[in-house]
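# Descriptive analysis of the structure
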Amino acid sequence: MTRIAVATIAVAALAGLLFTLSRIDDIALEPAASDDKLPRYTLSGAELTRFDAAGQPSMKATAATLEYFDDESAIATTLVVDVLSGAKTPWHIDAPTGALSPGSRELKLSGDVVANGQWPDNGEALVLRSPTMTVDPDTHVLRTDAVVHADSRSRKGTAVGMTANWDKQDLRLLNNVKMRYEATR
């Protein structure tokens, strides 16, 4: 009797296995999540410093979080960038997010980007706001093709596009520039 019970159980298990194997082609299998979407490193409270050829700090940045990926790209949140230019006026930039493309050294900032600097002609404090800005440490340029709002004590204006070369202390508002000058006392 035990032989018959064991044989019955074995036949039932084999039938179940064969039925499952015959139906496996009908089942749509979902691919597993790709690991290349996950960061290799995640840093909290990251501080970065770039040095010039003379060994002096030329750019400093802090980020609440920094995620670095296998393709050498990175994403940062709550980013603060200080672009230093020796004895000349530095730029201080705040952005909700920043990204480095694979193999690029340009930092693409997005969100409500706020850049604090000075007008090159009179040294007056200046605040630039734009939804995007790019910091290029190799050419020493801060730039955007988006709408820019420029505010200072004596001038307020908008433009589409802007470049600021912090090494040459040059600022250019590019297209559709509208500026209002206010008398100061």
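What this report covers is the structure whose coordinates are included nearby. All values reported here derive from a predicted model rather than from experimental measurement.

## Considering the overall build of the protein chain
From N to C terminus, the protein chain includes one helix and nine strands. Walking the protein chain from its N terminus toward its C terminus, one meets helices and strands in the order α-β-β-β-β-β-β-β-β-β. For the protein chain, with 185 residues in total, the buried portion stands at 29%. The long-range share in the protein chain, meaning contacts at least 24 apart out of those at least 6 apart in sequence, stands at 37%. Summed over its atoms, the accessible surface of the protein chain is roughly 12100 Å², and 58% of this surface lies on carbon and sulfur atoms.

## Details of the pairing of strand 9 (residues 170-181)
Sheet analysis places strand 8 (residues 155-165) next to strand 9, joined by nine bridges and oriented antiparallel. Considered in strand 9, the bridge of Val160 is made with Asn175. Hairpin remark: strand 8 followed by strand 9, antiparallel, with four residues in the connecting loop; positive phi at Gln169, about 55°.

## With respect to the packing of aromatic side chains
The final tally for this structure, using the stated rule, is one aromatic pair. Looking at Arg155, its charged tip hangs above the ring of Trp119, at a distance of 4.2 Å from the centre.

## Concerning the nonpolar core
By size, the foremost hydrophobic cluster in this structure holds 31 residues, and its most contacted members are Trp91, Ile93, Leu128, Val135, Leu142 and Met162. Among the elements of the structure, strand 2 (57-68), strand 3 (74-85), strand 4 (88-100), strand 5 (107-118), strand 6 (125-136), strand 7 (141-152), strand 8 and strand 9 are those that each provide at least two residues to this core. Per-element tally for this core: the top contributor is strand 3, with five residues. In this view, Trp91 contacts Val81, Asp82, Val83, Ala115, Asn116, Gly117, Leu126, Leu128, Leu142, Ala164 and Trp166; residues no more than four positions away in its chain are not counted.

## A short note on the side chain of Thr134
Relative to the helices and strands, Thr134 resides in strand 6. Taking relative accessible area as the criterion, Thr134 reaches 11% and is therefore assigned buried. Look past the residues within four positions of Thr134 in its chain and what remains in contact with it is Glu106, Leu107, Lys108, Val141, Leu142 and Arg143.

## Considerations on the pairing of strand 6
Where strand 5 meets strand 6, ten bridges bridge the pair, whose relative direction is antiparallel. Its bridge partner being in strand 6, Ala115 is matched across the sheet by Leu128. In this antiparallel pair of consecutive strands, strand 5 and strand 6, the connection spans six residues, and Gly123 shows a positive phi of 75°. Between the end of strand 6 and the start of strand 7, which pair antiparallel, lie four residues, with His140 showing a positive phi angle near 60°.

## Concerning the pattern of salt bridges
Enumeration over the complete set of coordinates arrives at eleven salt bridges. For the salt bridge of Arg129 with Asp112, the shortest nitrogen-to-oxygen distance reads 3.6 Å. You can see Arg129 sitting in strand 6 and its partner Asp112 sitting in strand 5, a full 17 residues away along the chain. Judged by its relative accessible area of 35%, Arg129 is partly exposed. Exposure remark for Asp112: the relative accessible area of 48% places this residue in the partly exposed category. Asp170 is the salt-bridge partner of Arg172, the closest N and O atoms lying 2.9 Å from each other. For Arg172, a relative accessible area of 49% translates into the label partly exposed.

Criteria and thresholds
- Residues numbered from 1 in each chain as written.
- Predicted model: local features only at pLDDT ≥ 70, side-chain atom pairs only at ≥ 80, totals over all residues.
- Heavy atoms only, no water.
- Helix = DSSP H or I, 4+ residues; strand = E, 2+ residues; numbered from the N terminus.
- Buried < 20%, exposed > 50% of the residue type's maximum accessible area, 1.4 Å probe, protein only.
- Contact = heavy atoms within 4.5 Å.
- Areas by Shrake-Rupley, 256 points an atom, 1.4 Å probe, with all protein chains shown as cover.
- Pairing = 2+ DSSP bridges.
- Phe/Tyr/Trp six-rings, centres within 6.5 Å; stacked < 30°, edge-to-face > 60°.
- Lys NZ or Arg CZ within 6 Å of the ring centre and 35° of its normal.
- Core = buried A, V, L, I, M, F, W, Y, C linked by side-chain atoms within 4.5 Å.
- Salt bridge = Lys/Arg side-chain N within 4 Å of Asp/Glu carboxyl O.

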